[in-house]
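The lines below spell out each chain.
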Amino acid sequence: MNRIKNAFKNKPIFMPYFPLGYPDLPTSIDVIEALAKNGADLIEVGLSFSDPLADGPVIQQATQVALEKGITVKKSLESVKELRNRGVTIPLILMGYFNPMLAYGLEKFIHDAREAGANGFIIPDLPLEEAEEFELALSGAVGEDEALPLIQMLAPTSPDERMESIARTAKGFIYLVSVTGVTGERREISDDLGELINRVRAHTSAPVCVGFGIGTPEQAAQVGALADGVIVGSACVKMIGSSKKPVETAKQFAAEFRGALR
Amino acid sequence: MSTTLLPHKFGPYGGQFVPETLMPALIELEREFVSARNDPAFNAEFDKLMASFVGRPTPLTYAKRLSEKLGGAQIYLKREDLAHTGAHKINNALGQALLVKRMGKKRIVAETGAGQHGVASATAAALLGLECVVYMGSVDIARQEPNVFRMKLLGAEVRPVESGTKTLKDAINEAIRDWVTNVRDTHYLLGSALGPHPYPTIVREFQSVIGREAREQMLMDAGRLPDTVIACVGGGSNAIGVFSGFVNDEAVELIGVEAGGSGIASGKHAARFGDATKARVGVIHGTRTYVLQDEDGQIAETHSVSAGLDYAAVGPEHAMLRDTERAFYTSATDEEALNAFQTLCHTEGIIPALESSHAIAEVIKKAPTMRKDQVILVNLSGRGDKDLNTVIKELGTSM
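Please read all numbers here as calculations on a predicted model, not as lab measurements.

A description of the packing of aromatic side chains should follow, citing residues and the corresponding values.
Residue and element names in this part refer to chain A. What the rule picks out here adds up to 21 aromatic pairs over all chains. On the basis of an interplanar angle of 40 degrees and a centroid distance of 6.5 Å, the ring pair of Phe 14 and Phe 253 is categorised as tilted. One end of the pair, Phe 14, is in strand β1 (residues 13-19); the other, Phe 253, is in helix α12 (residues 246-260), and 239 residues separate them in sequence. The pair Phe 14 / Phe 253 is uniform in exposure class, with both members buried.

Can you explain a nonpolar patch on the surface? Please cite residues and give values.
Together, Ile 351, Leu 388 and Ile 392 of chain B make up an exposed nonpolar region whose accessible area comes to about 250 Å². Along the chain, Ile 392 of chain B turns up in helix α14 (residues 388-395).

Quick one: what's the story with the sheet that holds strand β6 (residues 131-137) of chain B, residue by residue and with numbers?
Residues and elements named next belong to chain B. Taken in spatial order, the four strands make up an open sheet running β7-β6-β5-β8, and their pairing is parallel. Where the open sheet ends on each side, the last strands, each with one partner, are β7 (157-161) and β8 (186-188). Sheet twist, expressed as the mean angle between neighbouring strand axes with direction ignored, is 25 degrees.

Describe helix α10 (residues 217-224) of chain A, naming the residues involved and giving the relevant values.
Helical periodicity: at 3.6 residues per turn, an α-helix aligns residues three or four positions apart in one direction. Residue and element names in this part refer to chain A. When we look at burial in α10, the residues that qualify are Pro 217, Gln 219, Ala 220, Val 223 and Gly 224. Looking straight down α10, one finds its buried side chains confined to an arc of 155 degrees; they lie on one side. Check the buried side of α10 and you find it contacts α9 (193-201), β7 (208-211), β8 (229-232) and α12.

Explain the side chain of Thr 390 of chain B to me, using residue names and the numbers behind them.
With respect to the secondary-structure elements, Thr 390 of chain B resides in helix α14. Not counting the four nearest positions on each side in its chain, Thr 390 of chain B is found in contact with Arg 143, Gln 144, Val 305 and Leu 354 of chain B.

A description of the pattern of salt bridges should follow, citing residues and the corresponding values.
This model, assessed by the stated rule, comprises 45 salt bridges over all chains. Put simply, Lys 11 of chain A and Asp 228 of chain A hold a salt bridge, and the shortest N to O gap is 3.7 Å. Pair noted here: Lys 11 of chain A is in the loop between α1 (2-7) and β1 and Asp 228 of chain A is in the loop between α10 and β8, with a separation of 217 residues, a long-range link. Between Asp 81 of chain B and Arg 79 of chain B there is a salt bridge; the shortest N-O distance is 2.9 Å. Salt bridges here are not isolated pairs; linked through shared partners, they connect Asp 30, Glu 33, Lys 37, Glu 82 and Arg 86 of chain A.

Tell me about the sheet that holds strand β2 (residues 43-46) of chain A, residues and numbers included.
Residue and element names in this part refer to chain A. Around the barrel, which closes on itself, the eight strands sit in the order β1-β2-β3-β4-β5-β6-β7-β8 with parallel pairing between neighbours. Each strand of the sheet is rotated relative to its neighbour by a mean of 30 degrees, with strand direction disregarded. Two elements, strand β4 (residues 120-122) and strand β5 (residues 150-154), share two bridges in a ladder whose sense is parallel. Looking at the pairing, Phe 121 lines up with Leu 150 of β5. Each of β1 and β8 is contacted by helix α11 (residues 234-241), which is oriented at about 60 degrees to β1, the strand it contacts most.

Rules and cut-offs
Residues numbered from 1 in each chain as written. Chains lettered and ligands numbered in written order. Predicted model: local features only at pLDDT ≥ 70, side-chain atom pairs only at ≥ 80, totals over all residues. Heavy atoms only, no water. Phe/Tyr/Trp six-rings, centres within 6.5 Å; stacked < 30°, edge-to-face > 60°. Helix = DSSP H or I, 4+ residues; strand = E, 2+ residues; numbered from the N terminus. Buried < 20%, exposed > 50% of the residue type's maximum accessible area, 1.4 Å probe, protein only. Patch = residues over 30% accessible without salt bridge, like charges linked within 9 Å, V, L, I, M, F, W, Y side chains within 5 Å. Areas by Shrake-Rupley, 256 points an atom, 1.4 Å probe, with all protein chains shown as cover. Salt bridge = Lys/Arg side-chain N within 4 Å of Asp/Glu carboxyl O. Pairing = 2+ DSSP bridges. Axes fitted to C-alpha atoms, helices over the stretch in contact; angles between N-to-C directions. Arc of directions from axis to C-beta. Contact = heavy atoms within 4.5 Å.

Below is the structure:
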């Protein structure tokens, strides 16, 4: 928890997403290390799933490649450990769908993720209504105070009363989905984003981070003026995945977005 | 934590495992469904369409020659193949389309495997003046061509899905992605007793007309309830529809038939209850149920000669009925289904859908083990015209 809190000392923060195993496992570890050491404040480390229903084409394709090359939950957790061994100190949040975690065994998954050095979880198909089981597993072994956070998501469609009940119990930060839709770049940032962020802030003092649809440093700067954190997924995956020198590209990518947010 | 109006789980199964963006839509849908079911005007409109448009009640046919051939139980067919558009799918499609009108939405998206639900959705959309987009895996498009043309004729846009296994599961992924993007004016017209709450309940309720009619017709025609009710189970909407009429009649045995594909041992099948090595409780498409998956929780590829049964998960209420042993589940292979298909053609003059042929295959196994004074009711969920290309390919020159 403290690692996450520390990450928000200099806001807005830059939070790229990258899936382990893409374009292959060693490269993805190098890429995440490069992002971490060149400007990322927090990284969403992607766990792959065969049916990523909240994701657009870029992340679908990348996670599909990762699966074809043999990524598993176990290898993903080992890679998080490897990143810690390489001196990556920023928070690493595991982002993935629920079924592979269930298949691994929830208690074991949470235990092993913590041991590996992960700092929290984002699970797009686990809304508040279904979060209890995971929350119980999180606090089960270590108590509520020590539990890693399950980051809750809010969407433009969430009505006020729902925002309130989700935001009230928010841990770590709020992941605010900026558009109705799946992950992927959009031409423009919605004019209503400021209003949406204000609606969330009315209910919580937790940092509000915005994701979905942010593809350029300019857009990041635009969102960064309003939010506490800027999440960049598809653009990051696309740029690095299509590069002949992924690690170099990752360094540039992180530096560029970092620069745009200062 | 849940504050749903209706029970959102069936024992440990079901639930609402969807992105937050969709939660408000599910809450609205449930509210609208509850208010509609309590509204006599809505029910009257639904009943009227069922009668004047779908042609309900569908008949109950005594299968005399099939019964004689098998030499055991007397066999009755509930003729959902005679419903407009050729399958039971229209019951749910029209019911949900009426809800869409009530919610003031203008557009529906649907997934389809065999094409029957796509055709039913396109039909309901045409009837009620809604825009309709149907997602269909490109593998399924190839094997169910006639239905693709039918959907287009009815004014729907058919979008081929090239991701993943290019079958029903991927069509559902794409339909959900469309829905999450356009949720403010779009309804996802889910075709089976699957997905997040309230869908499994809504679909069962609209399909329960099958069971209500069949129970009444059995009492009228045979003078008694059946000993056994048999239906095929993909997601499980026709089965849950017919089962719902008999679930409180404890003496009536309920049997669901899954797709055994090339046989359980081959690994190429869609028998969620039949393969202990690959089927575990998991979460897919918003619901917790039995799912065919690998050790790492990745959803497995499935196989069946019938596109409508070719899916890795089973409706959550079936999972509960199975655990409580209120219903029993078995499977029929592609070969058994194709044989049953031909048997019904020859003995009764009825061309069944390949999906329904799985239920007939179980009848062929089960009837001879029963006495002549016993009765089997089988839900003939759809007609087989759509499958002729597949059957010609499978049977080749042997026909």
